[in-house]
Amino acid sequence: MRRLALSLALCAGLAFPARAEAPPEPADYRQDDYRAPTPATLAGATVVTTAEAAQLWHEGKTVFVDVLPHAPRPAELPAGTLWHDPPHRTIEKAAWLPEVGRGALAPETEAYFRAGLEALTGGDKARPLLVFCKRDCWMSWNAGKRAVAYGYSHVYWYPEGVEGWADAGLPMTDAEPRP
Amino acid sequence: MKTIAAALFAFAALLAPPALAEGEATWASIRPDIFGEKPIDEEAVVGLTAPARAEDAALVPIDLHVALPEGDARRVVALTLIVDENPSPVVASFSLGQGRRAFDLSTRIRVNSYSFVRAVAETDDGKLHMVRAFVKAAGGCSAPAVKDPQDAKANLGKMRFRVFSGTGRDEAQVQIRHPNNSGLQMDQVTRLYTPAWFVQHLTVRQGDEVIFAMEGGISISEDPTFRFTYRADGRPVSVEAKDTEGNVFRQQFAGNGDG
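We now turn to the structure provided with this report. Small disclaimer: the values here were computed from a predicted structure and weren't measured. (Residues numbered from 1 in each chain as written. Chains lettered and ligands numbered in written order. Predicted model: local features only at pLDDT ≥ 70, side-chain atom pairs only at ≥ 80, totals over all residues. Heavy atoms only, no water.)

1. Comments concerning the overall build of chain B
Along chain B, the regular secondary structure elements total three helices and 15 strands. For chain B, the C-alpha radius of gyration of 19 Å lies close to 18 Å, the compact-globule estimate for 259 residues. The burial tally for chain B puts 49% of its 259 residues in the buried class. When contacts within chain B are restricted to residue pairs at least 6 apart in sequence, long-range pairs at least 24 apart make up 66% of them. Split by element, the accessible area of chain B, about 11700 Å² in all, is 51% carbon and sulfur. In chain B, 28 side chains carry a positive charge and 33 a negative one; their mean positions are 3 Å apart. (Helix = DSSP H or I, 4+ residues; strand = E, 2+ residues; numbered from the N terminus. Rg over C-alpha atoms; globule rule 2.2 N^0.38 Å. Buried < 20%, exposed > 50% of the residue type's maximum accessible area, 1.4 Å probe, protein only. Contact = heavy atoms within 4.5 Å. Areas by Shrake-Rupley, 256 points an atom, 1.4 Å probe, with all protein chains shown as cover. Lys, Arg positive; Asp, Glu negative; His and termini not counted. Charge placed at Lys NZ, Arg CZ, Asp CG, Glu CD.)

Written out as structure tokens, the structure is:
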């Protein structure tokens, strides 16, 4: 019901107050129920609004990383099976690293995330990184926390994500997951 | 007003991306892949019952009712069940033995996000007829299996056949134990996607006569279950299924459902 009320406010284009129900930061990664209100903070990282994220984007020094999960077409599907995979819209010039925001990662996913960040930052752990997915998505929180744990010293977490970006009319593009 | 209320609900459900406004866009994009340019009318030869809001997106009950009007000599020979917004939109294609003028068929499916569910019936004159319903459900394709994987493997391919004539309904039900993994579920141990693995072909016969046959996909729920119009007539019922790993399961049952 509360969500409905919020949505009504959104639909009507009304401003609504900052989320009162932001939970405290857990000590560990969030393991499930990823679409839920997120904390207001992320230890070791800087939380940014859409306006701040846009400024970082325009400055062009920050690596933008979308961590929305994405299931690829199962290899076992019989040939000719129709597969409907609409394009994912993300922030222009962002890299899309799916699956890296889950609570626990398979070793190959962990290696994929580490290698992806290393390539995107040119191996510079001081290079600013901005991590996002959607609103109320713990995967971006988890991934930001993970990047901090990997030793990245300038991690930004953008909780409004693609939805906040899109609502502000900022540049977006169709994305493919980084191989 | 109803549409506005529905749209508000769509906003409220954070997991449900395709807004109602998109409506038929997905269908327009997938339709040619399924039926080519063949015309599809909305003549009411088949009915579709689906919950407006599903309690469990991984187990959404769908009922199909073939019912040709009095005096219409045509028969329905095939039914295709589609969920527009599922990654694999074609849930299953059913062929109905010699064709049917009246036939009910129910199953349980996975719905990944708010979507139209459609049934397209083919009559024996080659024409296609469609009916649709909007279902609010999300996450059905990625929801973890209910059954423990070891247990599922131990019971793989076991079948049940039940006859409901005692309840006054000319119906029977076939269930096949199979995880029917969608390929979109996370394995909680490996933390990777569980490979797709599902019942691809199914044929249910009464004596030598095919009652129905199915080509299924990943959107059929775990432990595929089909309830269908059936009258016991002394002939045995045999069920044959084949999954995507090539496993073949066969079982024969007494036509009255006893063993």
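2. Structural notes on the interface of chain A and chain B
Contact residues are listed per partner, giving 26 residues for chain A and 31 residues for chain B. Both sides together, the interface formed by chain A and chain B hides about 2300 Å², and carbon and sulfur atoms give 70% of it. Per-residue buried area on chain A facing chain B is highest for E76, L82 and H84 of chain A; these three make up 28% of the total on that side. Summed over the shared surface of chain A and chain B, the result is zero salt bridges. Our count for the contact surface shared by chain A and chain B stands at four residue pairs in polar contact (both at pLDDT 80 or more). (Buried area = accessible area lost by both parts, 1.4 Å probe. Salt bridge = Lys/Arg side-chain N within 4 Å of Asp/Glu carboxyl O. Polar contact = N/O pair within 3.5 Å; in protein donor to acceptor, adjacent residues only side chain to side chain.)

3. Examining the pattern of salt bridges
Inspection of every chain in the model, using the stated rule, returns 21 salt bridges over all chains. Note that E160 of chain A and R135 of chain A form a salt bridge whose closest N and O atoms lie 2.7 Å from each other. Linking E160 of chain A in the loop between β6 (155–157) and α5 (161–167) with R135 of chain A in the loop between β5 (129–132) and α4 (138–149), this pair joins segments that are 25 residues apart in sequence. Between D72 of chain B and R74 of chain B there is a salt bridge, with the nearest N and O atoms lying 2.8 Å from each other. A single salt-bridge network, built from bridges that share partners, covers E24, D84, R118 and R132 of chain B.

4. Description of the state of the cysteines
A complete count under the given rule lists one disulfide over all chains for this structure. Two residues, C133 of chain A and C137 of chain A, share a disulfide whose sulfurs are 2.4 Å apart. Because the sign of the S-S torsion sets the handedness, a value of about -120° for the bond joining C133 of chain A and C137 of chain A places this disulfide among the left-handed ones. With respect to class, C133 of chain A is no different from C137 of chain A; both count as buried. This cysteine, C141 of chain B, is not joined by any disulfide, and C137 of chain A carries the nearest cysteine sulfur, 19 Å off. The class of C141 of chain B is buried, set by a relative accessible area of 0%. (Disulfide = S-S within 2.5 Å.)

5. Here we look at the sheet that holds strand β2 (residues 46–49) of chain B
All names here are of chain B. The strand order across the open sheet built from six strands is β2-β3-β6-β13-β10-β9, with neighbouring strands paired in antiparallel fashion. Every interior strand has two partners, whereas the edge strands, β2 and β9 (159–163), have only one. Shown here is a sheet whose adjacent strand axes are inclined to one another by a mean of 15°, direction ignored. (Pairing = 2+ DSSP bridges. Axes fitted to C-alpha atoms, helices over the stretch in contact; angles between N-to-C directions.)

6. A word on the side chain of T194 of chain B
Mapped onto the elements of the fold, T194 of chain B is located in the loop between β10 (171–176) and β11 (199–206). Filtering out sequence-adjacent residues up to four positions away, T194 of chain B remains in contact with N181, G183, L184, Q185, M186 and D187 of chain B.

7. Brief notes about the sheet that holds strand β2 (residues 63–66) of chain A
Residue and element names in this part refer to chain A. Ordered by their spatial adjacency, five strands build an open sheet running β1-β6-β5-β2-β4, and the pairing between neighbours is parallel. In the strand order of this sheet, the two ends are held by β1 (45–47) and β4 (95–96), each with one partner. Where β2 meets β5, four bridges bridge the pair, whose relative direction is parallel. When the sheet's bridge partners are listed, V63 is paired in β5 with L129. Across the sheet, helix α2 (residues 50–59) is in contact with β1, β2, β5 and β6; its angle to β2 comes to roughly 125°.

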